[in-house]
Amino acid sequence: MGFWKHILDCLLPPRCIACGTVLSGEQGLCPDCFNKIDFIGAPYCPRCGRPYENATQGLCGQCLKEKHPLFRMSRSAYRYTDASKPLILSFKFYDKTDNAPVLAQMMHRAGADIFKAGVDVIVPIPLHFSRLLKRRYNQSALLARCLGKLSGVKVNYTSVLRHRHTRPQVEFSGHARVKNVKDAFRVKHPERIKGKRILLIDDVMTTGSTLRECALVLKKAGAVSIDTLTVARVLD
Ligand SMILES: [Zn+2]
Ligand SMILES: [Zn+2]
């Protein structure tokens, strides 16, 4: 495998996953595209991961108000902006599945606090089977597989089902998003979730309603804690 990969790498040089420029080193982003991406770095809220304007420590105002937070920690690699949007869209809709390892590496770095705190199982947000048929792959599952390899944490693809078909979340905003995904998920194998620290994986966190809805059924099934890790996040 290594030999053939080497031959293939020589024939197909690594390219920037955003603009397609041939790169001299490993596959990833060219310096130009790298500089355009707004990576989320410290300082940020230790719980929700929202970046701080000024160097502060401790929980953000929103997290201080929440007595029983659903998520232990939430992290994302970068902000969802006009510059970073094409990276996600090409990965999600245009078969750029070979971008998964590069995106997962960014997520692995962004999720360092989560892996340090300890995770038992990685769970990708599932697609409804009708959408999986149409798209042929689940982008969150691809990211989860790469993250499993990078972190050594087991990935569980089958315990959570999306049993209700939902309209794409981009068609809605605010509370309509919450309603759209309501009761969309079901835990098929609660015994594989009970007592476990779960890391939920998705490509983009917008309002968080999809991740929250999925987390609720995992909590009901006995998950000890739930963290979320996404490639991008919408922040205002
Ligand atoms: Zn580029
Ligand atoms: Zn916070």
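Residues numbered from 1 in each chain as written. Chains lettered and ligands numbered in written order. Predicted model: local features only at pLDDT ≥ 70, side-chain atom pairs only at ≥ 80, totals over all residues. Heavy atoms only, no water.

Regarding the coordination of the zinc ion (ligand 2)
For a metal bound by four donors in a tetrahedral arrangement, the ideal donor-metal-donor angle is 109.5 degrees, while six donors in an octahedral arrangement ideally sit at 90 or 180 degrees.
Here's step 1: Protein-derived coordination of the zinc ion (ligand 2) comes from Cys45 (SG), Cys48 (SG), Cys60 (SG) and Cys63 (SG), at a distance range of 2.3 Å.
Here's step 2: Considered as a linear motif, the donors of the zinc ion (ligand 2) on their single chain read C-x2-C-x11-C-x2-C. Of this pair, Cys45 sits in the loop between α2 (31-36) and α3 (61-65) while Cys60 sits in the loop between α2 and α3, and the two are 15 residues apart along the sequence. (Donors = N, O, S within 2.8 Å, 3.2 Å for Na, K, Ca; no water. Helix = DSSP H or I, 4+ residues; strand = E, 2+ residues; numbered from the N terminus.)

A short note on the sheet that holds strand β7 (residues 225-233)
Here's step 1: Pairing is parallel in the open sheet, where five strands are placed in the order β1-β7-β6-β2-β3. The open sheet has two edge strands with one neighbour each: β1 (74-79) and β3 (154-155).
Here's step 2: Across five bridges, β1 lies against β7 in parallel orientation. Bridging from a neighbouring strand, Tyr78 pairs with Ala232 of β7.
Here's step 3: Sitting on the sheet, helix α5 (residues 100-110) is in contact with β1, β6 (197-205) and β7, with an inclination near 130 degrees to β1.
Here's step 4: Along the sheet face, helix α10 (residues 209-220) touches β6 and β7 and points at about 165 degrees away from the line of β6. (Pairing = 2+ DSSP bridges. Contact = heavy atoms within 4.5 Å. Axes fitted to C-alpha atoms, helices over the stretch in contact; angles between N-to-C directions.)

Description of the packing of α5 against helix α8 (residues 139-151)
Helix-helix packing is described using two parameters, namely the angle between the two axes and the distance between the axes.
Here's step 1: Where α5 contacts α8, the axes come no closer than 9 Å and their chain directions differ by 60 degrees. In terms of their interaxial angle, α5 and α8 are classed as oblique. In this structure, α5 meets α8 at a crossing whose hand is right-handed. Residues Ala100, Pro101, Leu103, Ala104, Gln105, Met107 and His108 of α5 touch α8, and the partners they reach there are Leu142, Leu143, Cys146, Leu147, Leu150 and Ser151.
Here's step 2: The class makeup of the residues in the contact of α5 with α8 is ten nonpolar, three polar and no charged. (Parallel < 35°, antiparallel > 145°, perpendicular 65-115°, else oblique. Left-handed = near helix turned anticlockwise from the far one by under 90°. Nonpolar A, V, L, I, M, F, W, Y, C, P; charged D, E, K, R; others polar.)

Structural notes on the coordination of the zinc ion (ligand 1)
Here's step 1: The protein atoms that coordinate the zinc ion (ligand 1) are Cys16 (SG), Cys19 (SG), Cys30 (SG) and Cys33 (SG), at distances of 2.3 to 2.4 Å.
Here's step 2: Around the zinc ion (ligand 1) sit four donor atoms, and with donor-metal-donor angles ranging over 101 to 113 degrees the site reads as tetrahedral.
Here's step 3: Between consecutive donors of the zinc ion (ligand 1), the numbers of intervening residues give the motif C-x2-C-x10-C-x2-C.
Here's step 4: Looking at Cys16, the relative accessible area reads 4%, which means it is buried. (Tetrahedral: all angles 85-135°; square planar, octahedral: opposite > 155°, others 65-115°. Buried < 20%, exposed > 50% of the residue type's maximum accessible area, 1.4 Å probe, protein only.)

Observations concerning the domain arrangement of the chain
Here's step 1: Under the domain assignment used here, the chain contains domain 1 (1-34) and domain 2 (37-233).
Here's step 2: Just the C-alpha atoms count here: the centres of domain 1 and domain 2 sit 27 Å apart.
Here's step 3: On the side of domain 2, eight residues touch domain 1, which itself brings seven residues to the contact.
Here's step 4: Interface area lost by domain 1 to domain 2 is led by Ile17, Gln27 and Phe34, which between them contribute 69%.
Here's step 5: Inspection of the region where domain 1 meets domain 2 yields zero salt bridges.
Here's step 6: At the boundary of domain 1 and domain 2, one finds two residue pairs in polar contact (both at pLDDT 80 or more).
Here's step 7: Split into classes, the residues belonging to the side of domain 1 that touches domain 2 amount to five nonpolar, two polar and no charged. (Domains from an automatic or database assignment. Buried area = accessible area lost by both parts, 1.4 Å probe. Salt bridge = Lys/Arg side-chain N within 4 Å of Asp/Glu carboxyl O. Polar contact = N/O pair within 3.5 Å; in protein donor to acceptor, adjacent residues only side chain to side chain.)

A word on the pattern of salt bridges
Here's step 1: Evaluation of the coordinates by the stated rule reveals five salt bridges.
Here's step 2: Across the pair Asp227 and Arg72 runs a salt bridge, and its minimum N-O distance is 2.6 Å. Of this pair, Asp227 sits in strand β7 while Arg72 sits in the loop between α3 and β1, placing them 155 residues apart in sequence.
Here's step 3: Residue class for Asp227 comes out buried when judged on its relative accessible area of 0%.
Here's step 4: One salt bridge connects Asp113 with Arg75, and the closest N-O pair in it is separated by 2.9 Å. One end of the pair, Asp113, is in helix α6 (residues 112-117); the other, Arg75, is in strand β1, and 38 residues separate them in sequence.

Some words on α10
Here's step 1: The end-to-end C-alpha distance of α10, which contains twelve residues, comes to 17 Å, matching closely the 16 Å that a straight helix rising 1.5 Å per residue would cover.
Here's step 2: Buried within α10 we find Ser209, Thr210, Leu211, Glu213, Cys214, Ala215, Val217 and Leu218.
Here's step 3: In this structure, the buried side of α10 is in contact with β4 (160-162), α9 (175-181), β5 (185-187), β6 and β7.
Here's step 4: Positive backbone phi, at 105 degrees, marks Gly222, one or two positions downstream of α10. (Expected span 1.5 Å × (residues − 1).)

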